[in-house]
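Inside the fold
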Amino acid sequence: MVLKAIWGLLIILSVSSSWVGTTQIVKITYKNFYCPFFMTWFSTNWNIMFFPVYYSGHLATAQEKQSPMKKFRECSRIFGEDGLTLKLFLKRTAPFSILWTLTNYLYLLALKKLTATDVSALFCCNKAFVFLLSWIVLKDRFMGVRIVAAIMAITGIVMMAYADNFHADSIIGVAFAVGSASTSALYKVLFKMFLGSANFGEAAHFVSTLGFFNLIFISFTPVILYFTKVEHWSSFAALPWGCLCGMAGLWLAFNILVNVGVVLTYPILISIGTVLSVPGNAAVDLLKQEVIFNVVRLAATIIICIGFLLMLLPEEWDEITLRFINSLKEKKSEEHVDDVTDPSVHLRGRSRANGTVSIPLA
């Protein structure tokens, strides 16, 4: 448990740092280069490296080492007993690849309109959307506290738009950020519906497969955007390769850390690491003097974060709370009995010493 807690602390710091770093590098890149779809496509291609990173970890830690192909076939069971076939590659990977691209693309669009703090706070609403979709589609257990959290998330969204007096850019930016959170939630619910739960190896295989699909089938989109002058740049030498590689590397690190964290520590800590990116981005934005926190914006951010944390409560949270309260009451009553009996014994001892027996009122 101590080792898990130590790993958890390291994972929390790493997850929040990688997400803050990704968001801030995007903001820096936008100063000289604004091609959000190309940036999304470029960073998604780096997902191909997820499985090689996982296999390197397998070689370093496993006692019984397997060949790359054997490990690849073993992890491809996430697609079914027959493994990864061409039909399943197109059928299962296509919708998830589109949702992945939409989530990241909308997130990058939102960062052009809003501050990093606002976007990261709004993206935390995806937990509320996951609950609502799971309740409707997967028939998950109804929980009143999560409905309250969902209402808090929606309240925070409205307040975030109101913070800039419903300015056009602000409303569009909020819409992009909420859209990104929604597609992220849909991705997670559909993954659970069609593929179930996945271990670290299967998750690495699946994310790498998404990277291959992105490289093969979505590459035509940035080409079309380039020649239609929607996303255009003078030459490849003029591209900010340092920022692009930094963004893609941190994004890949974030995805790896999220999956590694589930294996090494408690899953709830991964979610805490994600929500900590909000104060992390706020600190960086304040240092860069890019955000002015008025009362409404600060209240909206806090409400969304509280709603996110309420979503992390386990399903049996009410039973756990009642058991904890009852145990405290029992402990208090035991201490009270001890306090009552100790003076009695003391009084009885003194009375016998004086040759009389006194029975205390207690």
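Residues numbered from 1 in each chain as written. Predicted model: local features only at pLDDT ≥ 70, side-chain atom pairs only at ≥ 80, totals over all residues. Heavy atoms only, no water.

Some words on the overall build of the chain
This is how the line gets drawn: For helices the rule is a DSSP run of H or I covering at least 4 residues; for strands it is a run of E covering at least 2, with both sets numbered from the N terminus onward. Exposure categories follow from relative accessible area, calculated using a 1.4 Å probe and restricted to protein chains: below 20% of the type maximum is buried, above 50% is exposed, and the middle band is partly exposed. Only the protein chains shown count as cover for residues, and the accessible areas themselves come from Shrake-Rupley with a 1.4 Å probe.
Regarding its fold elements, the chain presents 16 helices and zero strands. Relative to its 362 residues, the chain shows a buried fraction of 44%. Carbon and sulfur atoms make up 68% of the accessible area of the chain, which totals about 19,300 Å².

Here's the deal with the packing of aromatic side chains
Defined as follows: Only the six-membered ring of Trp is used, alongside the rings of Phe and Tyr, when aromatic pairs are assigned; centres must lie within 6.5 Å, and planes under 30 degrees apart are stacked while those over 60 apart are edge-to-face, with the rest tilted. Geometrically, a charge over a ring is one whose NZ (Lys) or CZ (Arg) sits within 6 Å of the ring centre while staying within 35 degrees of the ring normal.
Counting across every chain of the model gives 32 aromatic pairs. Ring centres 5.5 Å apart and planes at 80 degrees place the aromatic pair Phe96 and Phe206 in the edge-to-face group. Of this pair, Phe96 sits in helix H5 (residues 86-113) while Phe206 sits in helix H10 (residues 200-217); the two residues are 110 residues apart in sequence, bridging distant segments of the chain. With a centroid separation of 6.4 Å and an interplanar angle of 25 degrees, the aromatic rings of Tyr187 and Phe191 are classed as stacked. On the criterion of helical spacing, the pair formed by Tyr187 and Phe191 is a turn pair, its members being four residues apart in helix H9 (residues 168-194). We note that Tyr187, like Phe191, is buried. One aromatic cluster in this structure is built from Phe33, Phe38, Trp41, Phe42, Trp46, Tyr226, Phe227, Trp233, Phe236 and Trp241. Over the aromatic face of Tyr34 sits the side chain of Lys112, whose NZ or CZ is 4.8 Å from the ring centroid.

Observations regarding the pattern of salt bridges
How we decide: Whenever a carboxyl oxygen of Asp or Glu lies within 4 Å of a side-chain nitrogen of Lys or Arg, that contact is scored as a salt bridge.
Scanning all chains against the criterion turns up one salt bridge. Between Glu74 and Lys71 there is a salt bridge whose closest N-O contact spans 3.3 Å. With Glu74 and Lys71 both in helix H4 (residues 68-75), this residue pair falls three residues apart, about one helical turn. Of the residues examined, Glu74 reaches a relative accessible area of 29% and is grouped as partly exposed. We classify Lys71 as buried; its relative accessible area is 7%.

Description of the side chain of Thr29
Stated formally: We define a polar contact as two N or O atoms separated by no more than 3.5 Å, with the added condition that, inside protein, one atom must be a possible hydrogen donor and the other a possible acceptor, whereas residues neighbouring each other in sequence contribute only through side-chain atom pairs. Note on contacts: a residue pair is in contact if any heavy atoms of the two residues lie within 4.5 Å.
Looking at where Thr29 falls in the secondary structure, it is placed in helix H1 (residues 2-29). Overall, Thr29 belongs to the buried group, its relative accessible area being 2%. In this structure the side chain of Thr29 is engaged in a polar contact, spanning 2.7 Å, whose partner is the backbone oxygen of Ile25. Those residues within four positions of Thr29 in sequence are excluded, and the remaining contacts are Met39, Pro240 and Cys243.

Quick look at the nonpolar core
How we decide: Definition used in this section: a nonpolar core is a set of buried Ala, Val, Leu, Ile, Met, Phe, Trp, Tyr and Cys residues joined via side-chain atoms within 4.5 Å.
Residues Phe33, Phe38, Met39, Leu111, Leu122, Val174 and Leu244 are the most contacted members of the largest nonpolar core, which totals 63 residues. In contact with Leu111, not counting residues within four places along its chain, are Thr23, Val26, Lys27, Tyr30, Ala116 and Val119. Within the second largest apolar cluster, 20 residues are counted, among which are Tyr54, Cys75, Ile78 and Phe79.

Concerning the confidence of the model for the chain
Short version of the rule: As a per-residue measure, pLDDT reflects the predictor's confidence and takes values from 0 up to 100.
Residues of the chain with pLDDT of at least 70 account for 89%, and the chain-wide mean is 83. For the chain, helix H16 (residues 317-353) is the element with the lowest average pLDDT, namely 62, and helix H2 (residues 36-45) is the one with the highest, namely 96. Segment residues 344-362: pLDDT under 50, and eight contacts once partners within four positions in sequence are set aside and those in other chains are kept.

Remarks on the packing of H5 against H10
We count it as follows: Axis angles are defined between N-to-C directions and span 0 to 180 degrees, where every axis is a line fitted to C-alpha atoms and, for a helix, only to the segment in contact. When describing relative orientation, an angle under 35 degrees is termed roughly parallel and one over 145 degrees roughly antiparallel, while 65 to 115 degrees is termed roughly perpendicular and anything else oblique. Three residue categories are used. Nonpolar comprises Ala, Val, Leu, Ile, Met, Phe, Trp, Tyr, Cys and Pro, charged comprises Asp, Glu, Lys and Arg, and polar comprises the others, including Gly.
Close contact between H5 and H10 brings their axes to 9 Å; oriented N to C, the two are set at 85 degrees. With respect to H10, the element H5 is oriented roughly perpendicular. Together, Phe89, Leu90, Thr93, Ala94, Phe96, Ser97, Trp100 and Thr101 of H5 and Phe206, Val207, Thr209, Leu210, Phe213, Asn214 and Phe217 of H10 make up the contact between the two elements. Among the residues forming the contact of H5 with H10, the class breakdown is ten nonpolar, five polar and no charged.

Side note on unusual backbone geometry
Residues other than glycine seldom take positive phi values, yet Lys229 does so here, at roughly 65 degrees. Along the polypeptide, Lys229 turns up in the loop between helix H11 (220-227) and helix H12 (241-264). In this structure Lys229 comes out as exposed when scored by relative accessible area, which is 59%.

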